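Structural characterization, general
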Amino acid sequence: MAETVAGAAGVRLSLTERLSYGFGDFGYSLAYNMAGAFLLFYYTNVAMLPAAAVGTIFLAARLLDAVVDILVGIAVDKTRTRWGRTRPYFLFTAIPYALVLVLVFSVPDWSENAKLIYAFLTFKALGILMSLGSIPYTALMPMMTTDTSQRLKLGGMRSIGTSVSVILGTAATMPLVGLFGGGNQQRGFQATAILFAGLSLIALFMLFRNCKERFDDGSSPRFAVLPAIGEMLRNRAWLICFAFTLLYFVRFGTMISLTAFFAIDVLGHPWMISILLPAISGTLLIAAFIAPPILSRTGIRKGCFGAIVLAIALFAALPLAEAQPPLFLALYIAASVATSVTITGIFTMAAEAVDYHEALFGTRNEGLLSSGISLATKIGMAVGTAAIAYSLAAAGYVPTAVSETARQTIRWSYYGWPIALLALQAIVVLGWPMHARHTARPDASAEPAAA
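Residues numbered from 1 in each chain as written. Predicted model: local features only at pLDDT ≥ 70, side-chain atom pairs only at ≥ 80, totals over all residues. Heavy atoms only, no water.

Concerning helix H11 (residues 236-267)
Taking the largest bend as the criterion, H11 deviates by roughly 45°, centred on Leu258. Within H11, 26 of the 32 residues are buried, which leaves the element mostly enclosed by the surrounding structure. Regarding H11, its N-cap is Asn235, as a side-chain oxygen of that residue lies 3.1 Å from the backbone nitrogen of Ala237 further along. Following H11 by one or two positions, Gly268 has its phi on the positive side, about 75°. (Bend = angle between axes of the 7 residues up to and from the residue. Helix = DSSP H or I, 4+ residues; strand = E, 2+ residues; numbered from the N terminus. Buried < 20%, exposed > 50% of the residue type's maximum accessible area, 1.4 Å probe, protein only. Polar contact = N/O pair within 3.5 Å; in protein donor to acceptor, adjacent residues only side chain to side chain.)

See below:
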């Protein structure tokens, strides 16, 4: 049964529940991180598909998510079951999500056009199932507690789940492909996908079993969709969270898809893939412990802005350290820790935007607002990955004979994209309302003033 706002705020979440909430991100992110890090490489170097066509697949599939994600968000807001509003989605999509991950890395030996169609359909299916799970998952946090400190702890646990999924999905993938494939990368990728699918299933069932929905505003499942979307677009906190998340994942998409090429063709050290890839978000494991106290003290705006400025300075120093792998890795990991602080901020911003929405309009619409954040994640990943695929195609990248033009394109894309996107994130976060949560509803015609 739903509790009052005061009751929900006063609940101290158990360690088991917080851990299980972190398992949720692990379950959904493991498949997505494996795909994000290696699907471009798998499609071009194993399935032998043209890079430009692969870029179009990524971009087209993710742009279609604009419709899918909004529909899923609306469905969550209209859902009322004996398991709650979000939990049935975890239960009924876990197995299909795991199966589709295996299919994504099982491109058959067909004609090129048939393989492209197969790749698009399976990749799109993975995205739809990700939406059906991740949007309710994001919507769950504001239903579990209305206390900001508890939300920061949940965000920390979610960061741990993300971090572990990144470490497994990136650092462990290629060694596992070699172990299971024995020289056959097709078989190796498929076997690794099966293993990760099983781990995801366990994590998602733990999420369903142990996490509870405590707070519901009691709103009717029937509401007008277009006016609700209009209200969402007038929610300043949500708009800032959307833009900040979008930019974060454009950067994430560029770096995670380019790292294997960068380590092999620019640095000349393939062994560094297993360090660089996990560091992109694997450092969330560190940020999970340092971000909550930092952001509690500084606030989301100042804390995220400071972390981004530090990250920009560290990324700018990387080209000077290419010839010194230990120094390069030290700078890179430090920059990754700094950017990882901001992802914990994003998780909390998404929950705070729900409270801000209620203060403005008297409704929470957790599902709809969460769908927008999920959409920002997917579009960001799609744009980042597609941009790299198109850049490789324009530079004439050939896996068996990498030209100097292609090598320089990879080098400066790896440095330039992150710095530019981080700078835009810094500008965006300055617009975050410093106190996004409001206990009383103000005049809906005027936005609450930022402190």
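As for the nonpolar core
One finds Tyr43, Leu276, Phe328 and Tyr332 to be the most contacted residues of the largest nonpolar core, which totals 137 residues. Per element, the largest residue contribution to this core is 19 residues, and it comes from H11. Core analysis: the next-biggest nonpolar cluster, separate from the first, contains six residues, Val72, Val76, Ile135 and Ala139 among them. (Core = buried A, V, L, I, M, F, W, Y, C linked by side-chain atoms within 4.5 Å.)

Things to note about the pattern of salt bridges
Under the counting rule described, the total for this entry stands at eight salt bridges. Measuring nitrogen to oxygen at the nearest pair gives 3.1 Å for the salt bridge that ties Arg411 to Glu322. With Arg411 in helix H17 (residues 404-429) and Glu322 in the loop between helix H14 (300-317) and helix H15 (325-361), the pair connects residues that are 89 residues apart, well separated along the chain. Each member of the pair, Arg411 as well as Glu322, is classed as buried. Salt bridges linked by common partners bring Asp77, Arg85 and Glu366 together as one network. (Salt bridge = Lys/Arg side-chain N within 4 Å of Asp/Glu carboxyl O.)

Some points on the packing of helix H2 (residues 15-46) against helix H9 (residues 185-210)
Relative orientation of the contacting elements H2 and H9 amounts to 160°, with a least axis distance of 8 Å. With respect to their mutual orientation, H2 and H9 come out roughly antiparallel. Along this stretch, H2 crosses H9, giving a crossing that reads as left-handed. Per-class residue counts for the contact of H2 with H9 are 19 nonpolar, nine polar and one charged. (Axes fitted to C-alpha atoms, helices over the stretch in contact; angles between N-to-C directions. Parallel < 35°, antiparallel > 145°, perpendicular 65-115°, else oblique. Left-handed = near helix turned anticlockwise from the far one by under 90°. Nonpolar A, V, L, I, M, F, W, Y, C, P; charged D, E, K, R; others polar.)

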